[in-house]
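Listed below are the residues making up each chain.
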Amino acid sequence: MLDAVTQFFQRALVDPERSQDPALTLELACAALLCEIMRADFDSGDDERAALRQMLVSRLSVSNADVDALMAMAEEKVDESVDHYQFVRLINEHYDGVQRYELVKLMWQMAWADGEIDPQEEHRIRRLAGLLYVSHSDFIRAKLAAEPR
């Protein structure tokens, strides 16, 4: 089962136009960017992994086994990639401004998962927000909306 899911995501990312469900391809790109935030401070703790799992389960409405496969694929893609172009391009092509803002808000929630914002996490989110064409005011608005009360 896990191999079948992994192969599906690999095929979908290589050729998203031929993918049967482009939303899954977009979710893989989103998961990869969230993994970037999780790993930005070089300390991927249990709190951050649990937060990533919860974000993906709530967004995808899939089983935990599928989320595990998606998380593994996202981390593998991040390890293999030299830049964020493949992920950002796909998101920019298919997400509108509101969806990209929501993704940036998820990035902030991921950064807050361990209880603090590391400067490296903030830098990575700022950089990705720029690549996603999220305005500075929306970047700040997302940060404030994601901050725990």
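For the structure itself, consult the block above.
Residues numbered from 1 in each chain as written. Predicted model: local features only at pLDDT ≥ 70, side-chain atom pairs only at ≥ 80, totals over all residues. Heavy atoms only, no water.

Please provide a residue-by-residue account of the overall build of the chain, values included.
Counting secondary structure elements, the chain contains eight helices and zero strands. Along its sequence from the N terminus, the chain presents helices and strands in the succession α-α-α-α-α-α-α-α. Looking at the chain as a whole, 44% of its 149 residues are labelled buried. Pairs at least 24 apart in sequence give 71% of the contacts found in the chain among residues at least 6 apart. Working note: accessible area of the chain is about 7800 Å², and carbon and sulfur atoms make up 50% of it. (Helix = DSSP H or I, 4+ residues; strand = E, 2+ residues; numbered from the N terminus. Buried < 20%, exposed > 50% of the residue type's maximum accessible area, 1.4 Å probe, protein only. Contact = heavy atoms within 4.5 Å. Areas by Shrake-Rupley, 256 points an atom, 1.4 Å probe, with all protein chains shown as cover.)

Explain the pattern of salt bridges to me, using residue names and the numbers behind them.
Scanning the entire structure with this criterion turns up six salt bridges. E102 is paired through a salt bridge with K105; the nearest N and O atoms lie 3.5 Å apart. Within this pair, E102 and its partner K105 are both found in helix 6 (residues 97-112), separated by three residues, close to a single helical turn. Three or more residues joined by partner-sharing salt bridges are found here, namely E122, R126 and K143. (Salt bridge = Lys/Arg side-chain N within 4 Å of Asp/Glu carboxyl O.)

An account of the packing of aromatic side chains is needed here, citing residue identities and associated values.
Each aromatic ring pair is characterised by the separation of its centres together with the angle its planes make. Across all of its chains, the model carries one aromatic pair by this definition. One Lys or Arg, R141, reaches over the ring of Y101 and ends 4.1 Å from the middle of that ring. (Phe/Tyr/Trp six-rings, centres within 6.5 Å; stacked < 30°, edge-to-face > 60°. Lys NZ or Arg CZ within 6 Å of the ring centre and 35° of its normal.)

Go over helix 5 (residues 85-94) with me, naming the residues and quoting the values.
When helix 5 is considered as a whole, its buried residues turn out to be F87, V88, L90 and I91. For helix 5, the arc enclosing every buried residue in end-on projection is 165 degrees, short of the 170-degree limit, so these residues lie on one face. (Arc of directions from axis to C-beta.)

Kindly report on helix 8 (residues 136-146), identifying the contributing residues and their values.
All of the buried residues along helix 8 are F139, A142 and A146. Seen from one end, helix 8 has its buried residues packed into an arc of 65 degrees, which puts them on one side. Packed against the buried residues of helix 8 are helix 6 and helix 7 (119-131).

Hey, could you go over the nonpolar core for me, with residue numbers and the actual values?
Residues V104 and M107 are the most contacted members of the largest nonpolar core, which totals 42 residues. For this core, the secondary structure elements donating two or more residues are helix 2 (22-39), helix 3 (46-60), helix 4 (64-80), helix 5, helix 6, helix 7 and helix 8. If you tally residues by element for this core, the top one is helix 2, at eleven residues. When neighbours within four sequence positions are excluded, V104 is seen to be in contact with I125, A129, L132, V134, F139 and A142. (Core = buried A, V, L, I, M, F, W, Y, C linked by side-chain atoms within 4.5 Å.)

With reference to specific residues and values, describe unusual backbone geometry.
Positive phi is not limited to glycine here, since Y133 has a value of about 60 degrees. Position of Y133 relative to the elements: it lies in the loop between helix 7 and helix 8.

Now, about the packing of helix 6 against helix 8: what can you tell me, with residues and values included?
The contact between helix 6 and helix 8 brings their axes to 8 Å, and the two run at 45 degrees. The orientation of helix 6 with respect to helix 8, classified from their angle, is oblique. Pair helix 6 / helix 8 crosses with right-handed handedness. Taken together, the residues of helix 8 that come into contact with helix 6 (itself represented by Y101, V104, K105, W108, Q109 and W112) are D138, F139, R141, A142, K143, A145 and A146. The residue makeup of the contact of helix 6 with helix 8, split by class, is eight nonpolar, one polar and four charged. (Axes fitted to C-alpha atoms, helices over the stretch in contact; angles between N-to-C directions. Parallel < 35°, antiparallel > 145°, perpendicular 65-115°, else oblique. Left-handed = near helix turned anticlockwise from the far one by under 90°. Nonpolar A, V, L, I, M, F, W, Y, C, P; charged D, E, K, R; others polar.)

Give me the packing of helix 6 against helix 7: which residues, what numbers.
Where helix 6 contacts helix 7, the two axes come as close as 10 Å, and the packing angle between them is 170 degrees. In terms of orientation, helix 6 and helix 7 fall into the roughly antiparallel class. From helix 6, V104, M107, W108 and A111 reach across to helix 7, where they touch E121, E122, I125, L128 and A129. Counted by class, the contact of helix 6 with helix 7 contains seven nonpolar, no polar and two charged residues.

None of the figures reported here should be taken as evidence of function without further support.
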